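# Understanding the architecture of this molecule
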Amino acid sequence: MDLRIFTEPQQGATYDTLLTVAKATEDLGFDAFFRSDHYLSMGSADGLPGPTDAWITLAGLARETRRIRLGTLMTAGTFRLPGVLAIQVAQVDQMSGGRVELGLGAGWFEEEHKAYGIPFPKEKFARLDEQLAIVTGLWATEVGKTFDFHGAYYDLTDSPALPKPAQKKIPVLIGGHGATRTPRLAAQYADEFNIPFASVEDSERQFGRVRAAAEEAGRGADELTYSNALVVCVGRDDQAVARRAAVIGRDVDELKANGLAGSPAEVVDKIGRYAEIGSRRIYLQVLDLDDLDHLELISAQVQSQLS
């Protein structure tokens, strides 16, 4: 079971804070550092000092880390043209020496689009299908050949399809709860399928849909990696768990029901339940980015038991 650190910088974080967390992620033996792709805070958070851009952040981290994988859960398809996104991600992959992964989703948070003047089209899912075809198609085109795509929303003619990533194939992540279109897209384009904030039972059901879709598309179901994203709140004792839950504005019982919360033993046990239904990777949503002791505890007493 791989454990990856997953951050939500739109809630309030500077690049320096994210760099500190990414370096701790690397030093403590976690597999990867991922971040969300949002420009507006959610809930009661004030979002100060303001948003950071996902791919600019990852470009910086690419030069200041050496081992960990770097990526997004999920890049919003509404934020970037697919040709531009393919260039950005390929460049960051080169900057990292081949450590980048792309999570790509349709985009959903309408308020942040209004706040920053970003168009919020109705046909987001159909656009996502074309975006995935274009991004993966550009990367797969041989050097010296050109790429063309003529769709309902995007039109590319004689693209040199450059630059190329450092990796032969950048892993693509697709995720979500949709019962039909999401599994179909995952089966067609994804190397990894991720379901966020879902119970063991709901995860098993969705993994089953994706596996069936992969086989229907002529792929082996086990060609995909299956993963979960869950909020994490671990403490050495009940008081420490309650303190960490209070800092992020969550209830302990709710966190235990819907996330990974409690003592290290409780969290290891629950991760084991996800492993039993086929999850091979957990993205630990860390909401208090100043609490590096939390990461140290998870590394020492949770990750060590899963290795």
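A brief structural summary. (Residues numbered from 1 in each chain as written. Predicted model: local features only at pLDDT ≥ 70, side-chain atom pairs only at ≥ 80, totals over all residues. Heavy atoms only, no water.)

## Topic: the packing of aromatic side chains
Inspection of every chain in the model, using the stated rule, returns six aromatic pairs. Centre to centre, the rings of Phe 34 and Tyr 283 are 5.0 Å apart; their planes meet at 70°, and the pair counts as edge-to-face. Of the two residues, Phe 34 is situated in strand S2 (residues 32–35) and Tyr 283 in strand S12 (residues 281–286); the sequence distance between them amounts to 249 residues. Judged by its relative accessible area of 0%, Tyr 283 falls in the buried class. Among the aromatic residues, those joined into a cluster by ring pairs are Tyr 39, Phe 79 and Tyr 116. For Lys 124, the ring lying beneath its charged end belongs to Phe 120, and the centroid distance is 4.2 Å. Above the ring of Phe 125, the side-chain terminus of Arg 181 is found at 4.3 Å from the ring centroid. (Phe/Tyr/Trp six-rings, centres within 6.5 Å; stacked < 30°, edge-to-face > 60°. Helix = DSSP H or I, 4+ residues; strand = E, 2+ residues; numbered from the N terminus. Buried < 20%, exposed > 50% of the residue type's maximum accessible area, 1.4 Å probe, protein only. Lys NZ or Arg CZ within 6 Å of the ring centre and 35° of its normal.)

## Some remarks on helix H1 (residues 15–27)
Compared with the 18 Å implied by 1.5 Å per residue over 13 residues, the 18 Å span of H1 between its first and last C-alpha is a close match. When we look at burial in H1, the residues that qualify are Leu 18, Leu 19, Val 21, Ala 22, Ala 24, Thr 25 and Glu 26. Just past H1, the residue Gly 29 takes up positive phi, approximately 85°. (Expected span 1.5 Å × (residues − 1).)

## Re the pattern of salt bridges
When their charged atoms lie close together, side chains carrying opposite charge are able to pair. Applying the stated rule across the entire model yields 17 salt bridges. Ionic pairing is found between Arg 4 and Glu 101, a salt bridge with its closest N-O pair at 2.9 Å. Residue Arg 4 is found in strand S1 (residues 2–7), and its partner Glu 101 is found in strand S5 (residues 100–105); the two are separated by 97 residues along the sequence. Note on Arg 4: relative accessible area 1%, which makes it buried. Owing to a relative accessible area of 4%, Glu 101 belongs among the buried residues under this scheme. (Salt bridge = Lys/Arg side-chain N within 4 Å of Asp/Glu carboxyl O.)

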